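# Structure assessment
Now for the letters of each chain:
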Amino acid sequence: MNVYESRDVIYGFITFDDWEREVINHPVFQRLRRIKQLSLTDMVYPGANHTRFEHSLGVMHLATLFFDNILIKRRQFLEKELRFDEAGLRRDRRILRFAALLHDIGHSPFSHAGEELMPYIPKGHPKYKEGKDKRFSHEDYSIAIIKAFFRDIIEEHEENENYNIKVEDITALLGDETVKPKRSLIWKNIISSQLDADRADYLLRDSTHLGIRYGIYDKDRLVNTVSIAKDQETYGTNLVVEEGGWHVAESLVIARYQMFTQVYFHKTRRAYDHHIESAIKAILQENEKSGFFPLPDSEENLKKYIDYDDWKIYGLIKEGMGGDDGEVILKRIHDKCIYETGEVPDEDELKRFEDVWNEFRDEISFDDSPDKSWYKTGKEDILILCNPNNEDEQLKPLSSISSIVRAMQPIKQKRLYARNGESGALRKKIRAYLEGKK
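### Topic: the overall build of the protein chain
Secondary structure summary: the protein chain contains 19 helices and 9 strands in total. Computed over C-alpha atoms, the radius of gyration of the protein chain comes to 23 Å, within 12% of the 22 Å expected from 2.2 N^0.38 for 438 residues, which places it in the range of a compact globule. Considering only C-alpha atoms, the protein chain reaches an extent of 70 × 50 × 45 Å along its principal axes. The buried share of the protein chain, taken over its 438 residues, is 53%. Intrachain contacts of the protein chain at a sequence separation of at least 6 include 72% that bridge at least 24 residues. Looking at the protein chain as shown, the accessible area adds up to about 20,900 Å², and 45% of this sits on carbon and sulfur atoms. Taken together, the 67 basic and 78 acidic charged side chains of the protein chain have centroids lying 2 Å from each other.

### What about the packing of aromatic side chains?
One pass over the structure, following the stated rule, counts 15 aromatic pairs. Centroid distance Tyr202 to Tyr264: 6.1 Å. Interplanar angle 85 degrees. Geometry classified as edge-to-face. Taken together, the positions of Tyr202 in helix H9 (residues 197–210) and Tyr264 in helix H11 (residues 246–264) put the pair 62 residues apart, joining distant regions of the chain. The exposure class of Tyr202 is partly exposed, given its relative accessible area of 21%. Overall, the relative accessible area of 16% leaves Tyr264 in the buried class. Aromatic rings pair up to connect Tyr141, Phe293, Tyr305 and Tyr308 into one cluster. The ring of Tyr4 is capped by Arg21, whose NZ or CZ atom sits 4.3 Å from the centre of that ring. The ring of Phe53 is capped by Arg33, whose NZ or CZ atom sits 3.8 Å from the centre of that ring.

### A closer look at the sheet that holds strand E7 (residues 383–386)
Read across the sheet, 4 strands follow the order E3-E4-E7-E8 without closing on themselves; strand pairing throughout is mixed. The two strands at the open ends of the sheet, each matched to only one other strand, are strand E3 (226–230) and strand E8 (394–397). Between one strand axis and the next, the sheet turns by 50 degrees as a mean value, whatever way the strands run. Its contacts with the sheet put helix H3 (residues 52–81) on E3, strand E4 (237–242) and E7, and the angle it makes with E3 is roughly 20 degrees.

### Things to note about the side chain of Thr237
With respect to the helices and strands, Thr237 occurs in strand E4. Setting aside residues up to four positions removed in sequence, Thr237 forms contacts with Phe77, Leu82, Ile186, Asn189, Ile228, Ala229 and Lys230.

### Re the nonpolar core
Counting 111 residues, the largest nonpolar core has Leu78, Ile145, Phe150 and Trp187 as its most contacted members. Considering each element in turn, this core owes the most residues, 12 residues, to H3. If we skip the residues at most four places from it in the chain, Leu78 touches Ile70, Leu71, Arg83, Phe84, Leu89, Ile186, Trp187 and Ile228. Membership of the second largest hydrophobic core comes to 11 residues, among which are Val356, Leu416, Ala418 and Leu434.

### Notes on the pattern of salt bridges
Where side chains of opposite charge bring their charged atoms close, a pairing between them can arise. In total, this model carries 33 salt bridges according to the counting rule given. Salt bridges sharing partners connect three or more residues here, namely Asp8, Glu54, Asp201 and Arg205.

### Some thoughts on the pairing of strand E1 (residues 3–8)
One ladder, built from 6 bridges, connects E1 with strand E2 (residues 12–17); its direction is antiparallel. Bridging across to E2, Glu5 finds its partner in Thr15. The turn linking E1 back onto E2 is made up of 3 residues.

### Description of the packing of H3 against H9
Put simply, H3 and H9 touch, their axes get as near as 9 Å, and they point 130 degrees apart. Taken together, the axis directions place H3 and H9 in an arrangement best described as oblique. For the pair H3 and H9, the crossing hand works out as right-handed. Along its contact with H3, which presents Glu54, His55, Gly58, Val59, Leu62, Ala63 and Phe66, the element H9 presents Ala197, Asp198, Ala200, Asp201, Tyr202, Arg205 and His209. Along the lines of polarity and charge, the residues of the contact of H3 with H9 split into 7 nonpolar, 3 polar and 4 charged.

### Remarks on helix H12 (residues 267–287)
For H12, with 21 residues, the first-to-last C-alpha span of 30 Å sits near the 30 Å given by 1.5 Å per residue. On the buried face of H12, the contacting elements are H11, helix H14 (310–318), helix H15 (323–331), strand E6 (366–368) and strand E9 (415–418). Lys289 sits one or two positions beyond H12 and adopts a positive phi of about 70 degrees.

About the criteria used
Counting restarts for each chain: residues are numbered from 1 in the order of the written sequence. Owing to the predicted nature of the model, reporting of local features is limited to residues with pLDDT of at least 70; listing and counting of side-chain atom pairs is limited to 80 or more, with chain, interface and lining totals taken over all residues. Note that the side-chain values use all heavy atoms of the structure and ignore hydrogens as well as water. Secondary structure elements are taken from DSSP: a helix is a run of H or I of four residues or more, a strand is a run of E of two residues or more, and numbering for both begins at the N terminus. Each radius of gyration is computed over the set of C-alpha atoms, and the globule rule expresses the reference value as 2.2 Å times the number of residues to the power 0.38. Note on classification: 1.4 Å probe, protein chains only; a residue is buried when its accessible area is under 20% of the maximum for its type, exposed when over 50%, partly exposed between these limits. The contact definition used throughout considers only heavy atoms, calling two residues in contact when any of these lie within 4.5 Å. Method for areas: the Shrake-Rupley scheme with a 1.4 Å probe, in which residue coverage is limited to the protein chains shown. Positive residues here are Lys and Arg, negative ones are Asp and Glu, while His and the chain termini are left out of the count. The atom standing in for a charge is NZ when the residue is Lys, CZ when it is Arg, CG when it is Asp and CD when it is Glu. Here a pair means two rings of Phe, Tyr or Trp (six-membered ring of Trp) with centres within 6.5 Å. Their orientation is stacked below 30 degrees between planes, edge-to-face above 60, and tilted elsewhere. Charge over a ring is defined by NZ of Lys or CZ of Arg lying within 6 Å of the ring centre and within 35 degrees of the ring normal. The criterion for strand pairing is that DSSP finds at least two bridges linking the strands in question. Lines fitted to C-alpha atoms define the axes, with helix axes restricted to the stretch in contact, and inter-axis angles between N-to-C directions lie between 0 and 180 degrees. Throughout this description, the term nonpolar core refers to a set of buried Ala, Val, Leu, Ile, Met, Phe, Trp, Tyr and Cys residues connected via side-chain atoms within 4.5 Å. By salt bridge we mean one thing: a side-chain nitrogen of Lys or Arg within 4 Å of a carboxyl oxygen of Asp or Glu. Each angle receives one of four descriptions, namely roughly parallel if under 35 degrees, roughly antiparallel if over 145, roughly perpendicular if within 65 to 115, and oblique otherwise. In a left-handed crossing the near helix is turned counterclockwise from the far helix by less than a right angle, and in a right-handed crossing that turn is clockwise. Amino acid classes used here: Ala, Val, Leu, Ile, Met, Phe, Trp, Tyr, Cys and Pro are nonpolar; Asp, Glu, Lys and Arg are charged; the rest, including Gly, are polar. An expected span of 1.5 Å times one less than the residue number is assigned to each helix.

What follows is the structure in structure tokens.
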């Protein structure tokens, strides 16, 4: 097969072959060129115009580096403990590269800003859970899109005579709950975990494009020390970092913390997340009537879904269909943060926040707090492999080794926003109110 190269800002060159090139050139994959990685972050950091397209290529490349290094370091474990052979490992590598390449294929316009406009999972759906109002995720759309539009490219390609890959082998690594676990699922953590190629790529890529250094870590050291090992308690196989590389795992966690506080949860960036979400909702109420994206339950609905990208939404906003929030985006007159707690507020701070909210709620445009923790300890902690390839090898949580990670706490900062022209006066009123309560 022919090998092609694409120049990349992080890795220098990313290579792919004819089979992968067919996937990349598919119109559905090319759509990722029209979805920015960080939504409207360019309103704060003007260089943030990179896309899900280049990120997807990067994740494929980095996931492959992880995989190849694991084969070098743990081949004996793979062959003797897990009974993997050369043909099976070549097949696993193929599946992993496709999964990494396609992991973001289901993103909505402006990436995560559209997540809250995905429809709720209806009763009768396999993912529905009684008593829980849960939305579909971009991963659900990714799985459905891969099955609907990439099955023929994957399964009918002449090269597949050597691998017999089914499209479900790929979606299994992306969280497809309709697929029974197979041995290749040990590679799933390279795609999605606290130590995955996705996070490892976007930290470097976002930092580079934004012109900052918060997300920089020693990529080469991480690749060199990443490994797999069996948990002696659960007997599951985990993605781990060898003991000699625990400092790079620590630096990865610190990089995520700094990127979260300085970029992803930046107060102005979050304001634009609110505005673009509201503008998209206004557009969907006009186009889809429901105010939500089409359900990922049919090829017809998926075609309607993938017709939405940043370019289309921008065009409709320019035509005036984004409502007041669309005008805010066009004129850059975003809502302003008028009150916020510290990053890890104590009970007194939270009480003051509630008092301010209750007193001024009619003048507040929206409130904001983190949706998810930037890092989780406990069961999801990064695992460190001590004494690798020895009889007494064991796994330890990173937080048990790193005093820095152990001391870090989840960000629970809360903020209140007001309309641009009203923010200054309201900020003064809040200060006077709090002074009066002392």
